[in-house]
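# A closer look at the structure
The primary structure of each chain is shown beneath.
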Amino acid sequence: MLKRILVANRGEIAVRIIRTCHEMGIETVAVYSTADAQSLHVQLATMAICIGPAKAAQSYLNQTAILTAALETGCEAIHPGYGFLSENDEFAELCTRCGLKFIGPSADVIRQMGNKAAARSLMIQAGVPVVPGSQGILENAEQALEQAQQIGYPVLLKASAGGGGRGMRRVFAPEELASALAAAQAEAVACFGCGDMYLEKLILSPRHIEFQIMADQHGNVVHLGERDCTIQRKNQKLLEESPSRVLTPALRQAMGQAAVKAAQCCGYEGAGTVEFVLDAHGNYYFIEMNTRIQVEHPVTEMVTGRDLIREQLRIAAGLPLSFSQSDIQLQGHAIEVRINAEDPTKGFAPAPGRTEFLHLPGGCGVRVDSALYAGYELSPYYDSMVAKLIVHAPTRLLAIRRMRRVLEELIITGYPTGADLAHMILYHPDFLKGEYSTAFLEEHLEQLLEWLETGWLPKTQEES
């Protein structure tokens with residue numbers, strides 16, 4: 001087993017990794033920017049090293065500083081978490097060259113699957129259904145216009161190295177495309193250091209369904225069921241649940257087998273997520289593979305009883321998977337709500353500030369993943385997510401009721417968050433019935449904000 005690893009990340013995911021390492025007897029090295037000197041992950045790690053100024057490009061994306069820190073502290077491996085360098089093939093390759101284990105797939109696999117355009121081509125070869133789209137990277141706006149015309153509007157521009165909703169723009173008409181492409185590229189360069197773009201047909205009002213997979217170095221690949229990530233704002237997930245209300249056992253089996261096939265065809269290793277869109281007719285299409293642990297991985301952990309970070313560390317140490325496909329049974333229902341420091345009444349604008357008071361909920365079937373503490377100052381340089389609330393219950397209805405209670409108990413003062421909006425979503429009839437698409441917030445945001453302003457809740461018919 002590994003003895004010491006460097007956690008190349010910050011916030012709640014760094015805390016999450018450090019906690020599991022502590023349970024496994026693995027020492028941890030935290031890295032931090034000057035803005036994060038007082039962060040929780042710095043305080044929990046075995047040791048911590050400052051790697052640069054607040055801006056991510058000079059700290060959490062500074063590959064030389066991170067690798068130097070790992071080597072100087074005698075680390076055997078680097079866990080990248082999600083975001084930052086987690087899907088950077090160059091960094092994975094440099095880790096290997098430096099004699100460090102990158103906790104994730106190889107650089108070649110990241111190039112294949114982490115690059116969305118290359119992944120599409122590979123999936124087509126493997127016979128996995130994909131959304132119609134461009135063949136390869138877009139060279140310029142003129143080529144984008146030509147391919148969009150062939151595919152048909154609306155289209156979705158996507159950063160090949162992107163994730164988390166960054167570097168994406170919807171385009172409904174030719175005159176919108178050039179400016180949308182420029183904006184998406186600029187965002188992709190700022191977030192991922194790569195402006196490569198492709199486009200695909202925008203499937204209107206789909207469900208966003210993703211399958212968690214784990215693969216070891218011995219050729220074993222297992223999927224751990226699905227997460228329904230359909231409730232989104234600005235192409236970023238806001239609420240996730242498992243299992244999905246719309247999947248039949250047959251459809252779940254088919255999509256799970258497709259996810260396993262996607263991992264097998266590229267020789268995958270570690271934790272990964274195969275993402276699909278599901279249309280109103282039950283047709284599913286591969287859209288991308290995230291070659292890392294996901295923000296929403298606790299949902300899967302709650303319904304399967306498996307610690308995915310622990311499994312990542314075992315795989316990195318060369319051990320086989322601790323379970324087979326027949327061992328994975330989804331038990332009960334789990335829901336996760338992301339709490340972001342943002343103002344839903346102002347277009348979800350980020351709203352960093354000082355955490356003046358904090359009360360986190362608890363109780364049966366409740367989990368909170370967060371790096372917050374009272375007095376903590378949120379930096380404007382990083383993502384606005386401050387906590388994840390996760391609940392588990394025997395049924396979906398009971399999970400919804402539990403999450404309502406959890407959101408009512410949560411207190412964060414000092415800046416606005418999306419907690420109250422999430423609370424309203426859990427009362428909306430369409431959500432209760434499970435009849436919603438990725439357009440849910442676009443269609444109902446005005447109504448939800450009105451409920452927020454008046455403090456009114458609809459009379460709900462509690463569906464089973």
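Analysis parameters
Residues numbered from 1 in each chain as written. Predicted model: local features only at pLDDT ≥ 70, side-chain atom pairs only at ≥ 80, totals over all residues. Heavy atoms only, no water. UniProt positions renumbered as here; feature names shortened; annotations may be inferred. Phe/Tyr/Trp six-rings, centres within 6.5 Å; stacked < 30°, edge-to-face > 60°. Buried < 20%, exposed > 50% of the residue type's maximum accessible area, 1.4 Å probe, protein only. Lys NZ or Arg CZ within 6 Å of the ring centre and 35° of its normal. Helix = DSSP H or I, 4+ residues; strand = E, 2+ residues; numbered from the N terminus. Contact = heavy atoms within 4.5 Å. Polar contact = N/O pair within 3.5 Å; in protein donor to acceptor, adjacent residues only side chain to side chain.

Under an unreviewed UniProt entry, the name given to the chain is Biotin carboxylase, and the source organism is Candidatus Allofournierella pullistercoris. The Catalytic activity (unreviewed entry) field of the UniProt record for the chain holds the comment "N(6)-biotinyl-L-lysyl-[protein] + hydrogencarbonate + ATP = N(6)-carboxybiotinyl-L-lysyl-[protein] + ADP + phosphate + H(+)". The record held by UniProt for the chain lists under Function (unreviewed entry) the comment "This protein is a component of the acetyl coenzyme A carboxylase complex; first, biotin carboxylase catalyzes the carboxylation of the carrier protein and then the transcarboxylase transfers the carboxyl group to form malonyl-CoA."

With that settled, the discussion passes to the packing of aromatic side chains. As enumerated under the stated definition, the model contains 10 aromatic pairs in all. Ring geometry for F276 versus Y284: centroids 5.5 Å apart, planes at 90°, classification edge-to-face. Here F276 matches Y284 in class, with each residue buried. Members of the aromatic cluster, joined through ring pairs, are Y60, F84, Y381 and Y382. For the cation-ring pair, R396 lies above F431, with the distance from its terminal atom to the ring centre recorded as 4.8 Å. When the ring centre of Y427 is taken as reference, the NZ or CZ atom of R404 above it lies at 3.9 Å.

Our next topic: the environment of Q147. Here Q147 is to be found in helix α7 (residues 141–151). Taking the C-alpha atoms as reference points, Q147 and F84, separated by 63 residues in sequence, lie 30 Å from one another. What Q147 contacts, discounting residues up to four positions off in sequence, is S134, Q135 and L138.

Inspection of the secondary structure puts R338 in strand β14 (residues 333–340). A polar side-chain atom of R338 sits 2.8 Å from a polar atom in the side chain of E240. Excluding its chain neighbours within four sequence positions, the residues that come into contact with R338 are K237, L238, E240, V295, E296, M385 and A387.

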